[in-house]
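A structural walkthrough
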Amino acid sequence: MTRAIFRMLVLSLVLSPFAAAAACGDDDSSGGDSDSDSDTDTDSDTDSDADTDTDTDTDTDTDTDTDTDTDTDSTCDAELLPGVWLSTDYSIEFFEDLSYEAAGAPNLMVIDVYGQAAIEGCEISFTDTDGDYACPEAQIGVYTFEVDATTLSFTLVSDACEGRSIPLDGAVLTKE
């Protein structure tokens, strides 16, 4: 008799996780209006799988959003632009309203171009408004930019004004 009780105890311990899982499935099935237990269990399993997939997708989307936000903050944050930026051939100063003044070598103290920039995502558009070397206002220069606390770089998207595109495309400037 002791052996029989021991076997029943072992079987109940081994099968208890399965019984608990079945009980959980029955709880889910009682919430539904299905007449057949086997159909309800199949639906419950499908719902569990769908919930798992949804959670996985949500986690992936969250990670993607975080990466995107990080990229935006570290590479094209317009708040990092105000100040004087220098290259070997020119300097450009951005103000809080994204207006700018640019000076070329040999005298980086004489402003050659005044203008207004606009930012959309990681693209910056330059519209020169005045100055001895200003491009016509109709020729808006569009570049992607990357900026951090000490470095600013531009990559040409489109610009019909060679006087601006040649020095800006591929330029890496440092903050003064």
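Scroll up for the structure.
Below or above, wherever it landed, is the structure these notes cover.

Of the consecutive residues alanine 105 and proline 106, the connecting peptide bond is found in the cis state with omega at 15°. Checked against the element boundaries, proline 106 lands in the loop between strand S3 (99-104) and strand S4 (113-120). Despite not being glycine, leucine 98 has its phi angle at roughly 70°, a positive value. As for its placement among the helices and strands, leucine 98 is situated in the loop between strand S2 (90-94) and S3.

With that settled, the discussion passes to the layout of surface pockets. Here the largest pocket defines a volume of roughly 350 Å³. Looking at the lining of the largest pocket, the elements that each hand over two or more residues are S2, S3, strand S5 (123-130) and helix H3 (162-168). When grouped by side-chain class, the residues that make up the lining of the largest pocket number 14 nonpolar, three polar and three charged. If you trace the second largest pocket, you find it lined by Val84, Leu86, Ser91, Ile92, Glu93, Glu101, Ala102, Ala103, Leu108, Met109, Ile111 and Glu176. In terms of residue class, the lining of the second largest pocket is made up of eight nonpolar, one polar and three charged.

Burial of strand S6 (residues 141-147) is extensive: five of the seven residues sit out of reach of the surface. Of the pairings in the sheet, the one linking S5 to S6 comprises four bridges and is antiparallel in character. Residue pairing for S6: glutamate 123 is matched across the bridge by threonine 144. Sheet topology note: the S6/strand S7 (residues 151-158) ladder contains six bridges and is antiparallel. Within S7, the residue paired with valine 147 across the bridge is leucine 152.

What the eight strands build is a closed barrel, ordered S1-S2-S3-S4-S5-S6-S7-S8; its pairing is antiparallel. With strand direction ignored, the average angle separating the axes of adjacent strands in the sheet is 35°. Alignment of strand S1 (residues 83-86) against strand S8 (residues 172-175), held across two bridges, turns out to be antiparallel. Among the inter-strand pairings, leucine 86 is bridged to a residue of S8, identified as threonine 174.

The rules behind these values
- Residues numbered from 1 in each chain as written.
- Predicted model: local features only at pLDDT ≥ 70, side-chain atom pairs only at ≥ 80, totals over all residues.
- Heavy atoms only, no water.
- Helix = DSSP H or I, 4+ residues; strand = E, 2+ residues; numbered from the N terminus.
- 1 Å grid on protein atoms, 1.4 Å probe; cavity = no way out; pocket = protein on both sides within 12 Å on 5 of 7 lines; lining within 4 Å.
- Points joined across faces, edges and corners; volume = space filled by probe spheres on them.
- Nonpolar A, V, L, I, M, F, W, Y, C, P; charged D, E, K, R; others polar.
- Buried < 20%, exposed > 50% of the residue type's maximum accessible area, 1.4 Å probe, protein only.
- Pairing = 2+ DSSP bridges.
- Axes fitted to C-alpha atoms, helices over the stretch in contact; angles between N-to-C directions.

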